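In case you want the letters, here they are:
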Amino acid sequence: QTNFVTVRDFLMTQIVLTNACRAGVLANMTVDHFNKGRNIKENEHYVESVKEHKTASTHGPARVVLNKSLYIWLDLYKLRPKVSPSSDALFIFWNGEHLMSGHVSRAIRASWKKAGLDDLLHCT
């Protein structure tokens, strides 16, 4: 359980740092979004499109760009049958429930703090 949470928090932190996206984008990202990501730039990057987020009505779907390493890590992470084989949410609690945006923010702060850095990091 501890390893699962640590890996999940690390992956979310990596995505936030490389995309400067809000927490709601990660909270609403699904396994289906991930599986339908478009491969661009000759296998170097993957673009995930998340339609459900706070500013979608004014800015449209959020684009989450993943480098090849991060894409592979997420591809391995989504294979979590011991945790929740039926959940469609990509980022989940240990019990299989999907994370809300506030949970994503807390998880990212926890990951940042585990790295020994100031805990003032947040998604906004």
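Now for a quick tour of the structure. (Residues numbered from 1 in each chain as written. Predicted model: local features only at pLDDT ≥ 70, side-chain atom pairs only at ≥ 80, totals over all residues. Heavy atoms only, no water.)

Among all positions in helix α5 (residues 68-77), only Leu70, Tyr71, Leu74 and Tyr77 are buried. Buried residues of α5, seen end-on, are gathered within an arc of 120° and therefore sit on one face of the element. Packed against the buried residues of α5 are α1 (2-19), α3 (31-35), β2 (45-50) and β3 (62-67). For α5, the side-chain oxygen to backbone nitrogen distance between the N-cap and Ser69 is 3.2 Å, and the N-cap itself is Asn67. (Buried < 20%, exposed > 50% of the residue type's maximum accessible area, 1.4 Å probe, protein only. Helix = DSSP H or I, 4+ residues; strand = E, 2+ residues; numbered from the N terminus. Arc of directions from axis to C-beta. Contact = heavy atoms within 4.5 Å. Polar contact = N/O pair within 3.5 Å; in protein donor to acceptor, adjacent residues only side chain to side chain.)

A few words now on the packing of α1 against helix α6 (residues 101-114). Running from amino to carboxyl end, α1 crosses α6 at an angle of 100°, the nearest separation of the two axes being 8 Å. Relative to α6, α1 is oriented roughly perpendicular. Facing Thr6, Arg8, Asp9, Phe10, Met12, Thr13, Val16 and Leu17 of α1, the residues of α6 in contact are Val104, Ala107, Ile108, Ala110, Ser111, Trp112 and Lys114. Residue classes in the contact of α1 with α6 are distributed as nine nonpolar, three polar and three charged. (Axes fitted to C-alpha atoms, helices over the stretch in contact; angles between N-to-C directions. Parallel < 35°, antiparallel > 145°, perpendicular 65-115°, else oblique. Nonpolar A, V, L, I, M, F, W, Y, C, P; charged D, E, K, R; others polar.)

Right, let's talk about the packing of aromatic side chains for a bit. For the structure on display, the rule yields six aromatic pairs. When the centroid spacing of 4.7 Å and the interplanar angle of 20° are considered together, the rings of Phe34 and Tyr71 count as stacked. Taken together, the residues span a long stretch of sequence, with Phe34 in helix α3 and Tyr71 in helix α5 at a distance of 37 residues. Comparing Phe34 with Tyr71, the two get one shared label, buried. A network of ring pairs unites the aromatic residues Phe4, Tyr77, Phe91 and Trp94 as a single cluster. (Phe/Tyr/Trp six-rings, centres within 6.5 Å; stacked < 30°, edge-to-face > 60°.)

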